Amino acid sequence: MTPPPFSTVIRTASRDRHTEAENSAFMGDLLGGRLGVEAYARYTEQLWFVYRALEDGARALAGDPVAGPFLRPELFRLPELERDLDHLLGAGWSSRAVPLPATARYADRVTEVAGGWPAGYVAHHYTRYLGDLSGGQLIRDIAEKTWGFRRKGDGVRFYVFEAIPNPAAFKREYRALLDDLAVGAEERERVLTECATAFELNTSVFADLAVAVTGAPSRPGPSRG
Ligand code: HEM
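Residues numbered from 1 in each chain as written. Predicted model: local features only at pLDDT ≥ 70, side-chain atom pairs only at ≥ 80, totals over all residues. Heavy atoms only, no water.

Draft legend 1. A look at the overall build of the protein. Across its full length, the protein holds 11 helices and 0 strands. When the helices and strands of the protein are listed from N to C terminus, the series reads α-α-α-α-α-α-α-α-α-α-α. Taken against the 2.2 N^0.38 rule, which gives 17 Å for 225 residues, the C-alpha radius of gyration of the protein at 18 Å falls within 12% of a compact globule. Structurally, the protein occupies a C-alpha span of about 50 × 50 × 30 Å along its principal axes. Approximately 11100 Å² of the protein is accessible, and the part contributed by carbon and sulfur atoms is 53%. If the 27 positive side-chain charges of the protein are averaged to one point and the 30 negative ones to another, these points end up 5 Å apart. (Helix = DSSP H or I, 4+ residues; strand = E, 2+ residues; numbered from the N terminus. Rg over C-alpha atoms; globule rule 2.2 N^0.38 Å. Areas by Shrake-Rupley, 256 points an atom, 1.4 Å probe, with all protein chains shown as cover. Lys, Arg positive; Asp, Glu negative; His and termini not counted. Charge placed at Lys NZ, Arg CZ, Asp CG, Glu CD.)

Draft legend 2. Highlighting the coordination of the iron atom of the ligand. Looking at the protein side alone, the iron atom of the ligand has one donor only, His 18 (NE2), at 2.1 Å. Among the secondary structure elements, His 18 is positioned in helix H2 (residues 15-22). (Donors = N, O, S within 2.8 Å, 3.2 Å for Na, K, Ca; no water.)

Draft legend 3. Fine view of the packing of aromatic side chains. Scanning all chains against the criterion turns up 12 aromatic pairs. Ring centres 6.3 Å apart and planes at 20° place the aromatic pair Phe 26 and Phe 206 in the stacked group. Pair noted here: Phe 26 is in helix H3 (residues 25-31) and Phe 206 is in helix H11 (residues 185-214), with a separation of 180 residues, a long-range link. Each member of the pair, Phe 26 as well as Phe 206, is classed as buried. Where Tyr 40 meets Phe 149, the ring centres are 5.3 Å apart and the plane angle is 40°; that geometry is what we call tilted. Of the two residues, Tyr 40 is situated in helix H4 (residues 37-61) and Phe 149 in the loop between helix H9 (135-147) and helix H10 (167-179); the sequence distance between them amounts to 109 residues. Given a relative accessible area of 0%, Tyr 40 falls into the buried group. Residue Phe 149 is classed as buried on the basis of its relative accessible area of 9%. Of the aromatic side chains, those joined through ring pairs into one cluster are Tyr 51, Tyr 129, Phe 158 and Tyr 159. Sitting over the face of the ring of Trp 48, Arg 52 holds its NZ or CZ atom 4.6 Å from the ring centroid. The lysine or arginine in question, Arg 77, covers the ring of Phe 161, its NZ or CZ lying 3.8 Å from the ring centre. (Phe/Tyr/Trp six-rings, centres within 6.5 Å; stacked < 30°, edge-to-face > 60°. Buried < 20%, exposed > 50% of the residue type's maximum accessible area, 1.4 Å probe, protein only. Lys NZ or Arg CZ within 6 Å of the ring centre and 35° of its normal.)

This is how it looks when you write it as structure tokens:
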């Protein structure tokens, strides 16, 4: 029997962790309209640290036979994030921005794999960019309605891929690249593990954000009777 394509394997393997990230208390509250625009701004600020690591890493990996094919400039988000943050936080935000502990761990891990393990970097690339092209569109729609951003305008540009007019076709091509990932079976297993780590890091950022914006942990703590 032919094994399933790697894009299917990675999607199936991350399904449970996707559900967990999607259903985190912070995401639920944010997208349920229960948090103010400051929470959305703080979340966007944390993304900036993550994408800085991803896109600095992309520069380091340009031409790499394993990660190189994934590094499509039309995916880059840093300029859009910076424009959104100018709008959300005002001029000078970058000198005030602070990564939450989970964000720092996440960015450090991305930088680490970008520097030494190209296929591990692909796990992080997939987890963020394919998600942004998928559920990210739903998040944009809700953010526009909840906090009154202009459609596809400042504040939500991160979710707008101007250079990708047909996301479904782009995702098909991306999945074909995953299917052809230039590493063997054993390393593919490690990529699945790294992808799980990438999802867990996202969930940890949401947990830190829950504490930072509401002062309450994202999961109920032990009962104090
Ligand atoms: C409330 C938040 C989220 C919603 C509503 C959401 C929703 C979705 C939806 C509907 C899809 C399927 C799109 C399709 O079939 O083409 C998807 C795919 C995906 N999401 Fe999310 N998502 C959320 C959060 C996240 C997070 C936090 C991550 C990780 C950082 C993530 C990563 C992904 C990835 C990698 C895919 C592509 C799966 C694949 O086709 O291989 N998502 N998301």
